[in-house]
Amino acid sequence: MKIAVMFHLLGAVVWIGGMFFAYLCLRPSTSGLEPPQRLVLWAATLRRFFLWVWAAVALILGSGFYMVARIAELGRMPLYVHLMLYIGVVMTLIFAYVFFSSFATLKRAVAAQDWKTGGAALNQIRVAVAVNLALGLLNIVVATAGAT
Ligand code: HEM
């Protein structure tokens, strides 16, 4: 169980910390750039970050479902674990949608130098990341304060 918690937290730190940096530090710093530079930079940055997010999702869900199975064996599952599971699954679905839809559009638009379409796709990603960041931080509160 301790090893599972370790993988769980490593995944959460990479995913939520990465979104925090992207949303609150990189985004304001790139707002003054011209669309071609800004979109090329974001497409390259997100391409790398999203690979790490897939790894983080695998770690969080793998360790999470393992721990859920262990807790279920012992008896009743606490409410905060239910909540964490649902929030984590919703975050994963939002990320999968962003990756396969908005991010795919962003990459295609950057390759075609279609800055208008690219800007719209990046805007969708920005909103989704804001939602997932809020959900991720909430999940840390649920997981820690909920357990007390
Ligand atoms: C981004 C999503 C998630 C975050 C940020 C998160 C965060 C955390 C944190 C901070 C802990 C406390 C670790 C400790 O004991 O110190 C924890 C424990 C746990 N998480 Fe998550 N979690 C997430 C998703 C999930 C999912 C999807 C599941 C189920 C599939 C899950 C199942 C569990 C379980 C079973 C525990 C152990 C609870 C206990 O020991 O009572 N988590 N999580």
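Quick caveat, the model's predicted, so the values are computed rather than measured.

A. Examining the coordination of the iron atom of the ligand more closely. Coordination of the iron atom of the ligand by the protein involves His 8 (NE2) and Met 84 (SD), with metal-donor separations of 2.0 Å. With 6 donor atoms in place around the iron atom of the ligand and angles of 86 to 179° between them, the coordination shape is octahedral. Pair noted here: His 8 is in helix H1 (residues 2-30) and Met 84 is in helix H3 (residues 79-111), with a separation of 76 residues, a long-range link. With a relative accessible area of 15%, His 8 lands in the buried category.

B. Expanded view of the site of the ligand. Neighbouring the ligand are 21 residues, the closest being His 8, Tyr 80, Met 84, Asn 139 and Ala 143. The separation between a nitrogen atom of the ligand and a polar side-chain atom of His 8 is 2.8 Å. Between an oxygen atom of the ligand and a side-chain N or O atom of Tyr 80, the distance comes to 2.2 Å. With respect to the detected pockets, the ligand is housed in the largest pocket. For the shell around the ligand, the secondary-structure elements that each account for two or more residues are H1, helix H2 (35-74), H3 and helix H4 (115-145). Among the elements that make up the shell around the ligand, the one with the highest residue count is H2 (7 residues). Looking at the shell around the ligand, its residues break down into 17 nonpolar, 4 polar and no charged.

Thresholds applied
Residues numbered from 1 in each chain as written. Predicted model: local features only at pLDDT ≥ 70, side-chain atom pairs only at ≥ 80, totals over all residues. Heavy atoms only, no water. Donors = N, O, S within 2.8 Å, 3.2 Å for Na, K, Ca; no water. Tetrahedral: all angles 85-135°; square planar, octahedral: opposite > 155°, others 65-115°. Helix = DSSP H or I, 4+ residues; strand = E, 2+ residues; numbered from the N terminus. Buried < 20%, exposed > 50% of the residue type's maximum accessible area, 1.4 Å probe, protein only. Near = heavy atom within 4 Å. Polar contact = N/O pair within 3.5 Å; in protein donor to acceptor, adjacent residues only side chain to side chain. 1 Å grid on protein atoms, 1.4 Å probe; cavity = no way out; pocket = protein on both sides within 12 Å on 5 of 7 lines; lining within 4 Å. Sits in = over half its atoms within 2 Å of the grid points. Nonpolar A, V, L, I, M, F, W, Y, C, P; charged D, E, K, R; others polar.

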